Amino acid sequence: MVMTSQLTASAGNPVLRVPPASPAAAAAYFGASLAFHADVSDVAAALAADADPGFVVLDSRSTASWDQGHIPGAVHLPTALIAEQARELLDPAVPVVTYCWGPGCNGGARAALALAELGYQVKEMLGGFEYWAREGFEFETWEGRRRRTADPLTAPVDSEECGC
């Protein structure tokens, strides 16, 4: 009886219309997702540590976008130039974390694909430059270094870590 009422309730529920994956399938999916993606806060924490982070950050946007603002220490390599210039700028033994504008842009994913096809280990930074700036991390422009106040919708106001 309980099973019938659960099925009836979920039939009209847009979230449960397609049932959740099994725990094993969910673990495989989310584990794989973490192998492909890095989060802005994690990238910032790794770059801020005193040790070598073990990866290089790659900005795949245009020169005009780069000049408008980029992560300090990032390598600038627009996606269209990856095939011809990656070997000159990137060590194939060092993983690469790509980014583009933000979550509404798939440029970081396209750059990651181009690098993976060349044999690089790669992750895409979720949120891109938009969330880097919105979370209050320092960035460089053609005029110098800047930092915005963290947006309380993207980063905790009174803490260094979000706890996730």
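In what follows, the accompanying structure is described. Just so we're clear, the structure is a prediction, and the values are computed from it rather than from any experiment.

What counts, and where the lines are drawn
- Residues numbered from 1 in each chain as written.
- Predicted model: local features only at pLDDT ≥ 70, side-chain atom pairs only at ≥ 80, totals over all residues.
- Heavy atoms only, no water.
- Salt bridge = Lys/Arg side-chain N within 4 Å of Asp/Glu carboxyl O.
- Helix = DSSP H or I, 4+ residues; strand = E, 2+ residues; numbered from the N terminus.
- Contact = heavy atoms within 4.5 Å.
- Buried < 20%, exposed > 50% of the residue type's maximum accessible area, 1.4 Å probe, protein only.
- Pairing = 2+ DSSP bridges.
- Right-handed = clockwise from strand over helix to strand, strands pointing away.
- Phe/Tyr/Trp six-rings, centres within 6.5 Å; stacked < 30°, edge-to-face > 60°.
- Lys NZ or Arg CZ within 6 Å of the ring centre and 35° of its normal.

1. Quick notes on the pattern of salt bridges
Step number 1: One pass over the structure, following the stated rule, counts 5 salt bridges.
Step number 2: Linking D151 and R134 is a salt bridge whose minimum nitrogen-to-oxygen distance equals 2.6 Å. Of this pair, D151 sits in the segment after β7 (144–146) while R134 is found in helix α7 (residues 128–134), placing the two residues 17 residues apart along the sequence.

2. Section: the environment of G108
Step number 1: In this structure, G108 sits in helix α6 (residues 107–117).
Step number 2: Taking the C-alpha atoms as reference points, G108 and D151, separated by 43 residues in sequence, lie 22 Å from one another.
Step number 3: Apart from the residues within four sequence positions on either side, G108 is in contact with S60, T98, Y99, C100 and E124.

3. Side note on the pairing of strand β4 (residues 96–99)
A regular strand places its side chains on the two faces of the sheet in alternate fashion.
Step number 1: Residues V96 and T98 of β4 are buried on one face, and the alternating residues V97 and Y99, pointing to the opposite face, are buried as well.
Step number 2: Sheet analysis places strand β2 (residues 56–59) next to β4, joined by 4 bridges and oriented parallel. If you follow V57 over to β4, its bridge partner there is V97.
Step number 3: Here β4 runs beside strand β5 (residues 122–126); their pairing, made up of 3 bridges, is parallel. Note that in β5 the partner of V97 across the bridge is K123.
Step number 4: Handedness of the β4-α6-β5 crossover: right-handed.

4. Here's the deal with the packing of aromatic side chains
Step number 1: Inspection of every chain in the model, using the stated rule, returns 4 aromatic pairs.
Step number 2: The interplanar angle of 85° and the centroid separation of 4.9 Å between the aromatic rings of Y29 and F30 together place this pair among those described as edge-to-face. There is no split in this pair, since Y29 and F30 are both exposed.
Step number 3: Ring centres of W101 and F129 lie 6.1 Å apart, and the angle between their planes is 75°; this geometry places the pair in the edge-to-face category. A residue pair is termed long-range when its members are at least 10 positions apart, and W101 in the loop between β4 and α6 and F129 in helix α7 qualify at 28 residues.
Step number 4: Classification of W101 as partly exposed rests on a relative accessible area of 31%.
Step number 5: One aromatic cluster in this structure is built from W101, F129 and F139.
Step number 6: Sitting over the face of the ring of W101, R61 holds its NZ or CZ atom 4.4 Å from the ring centroid.

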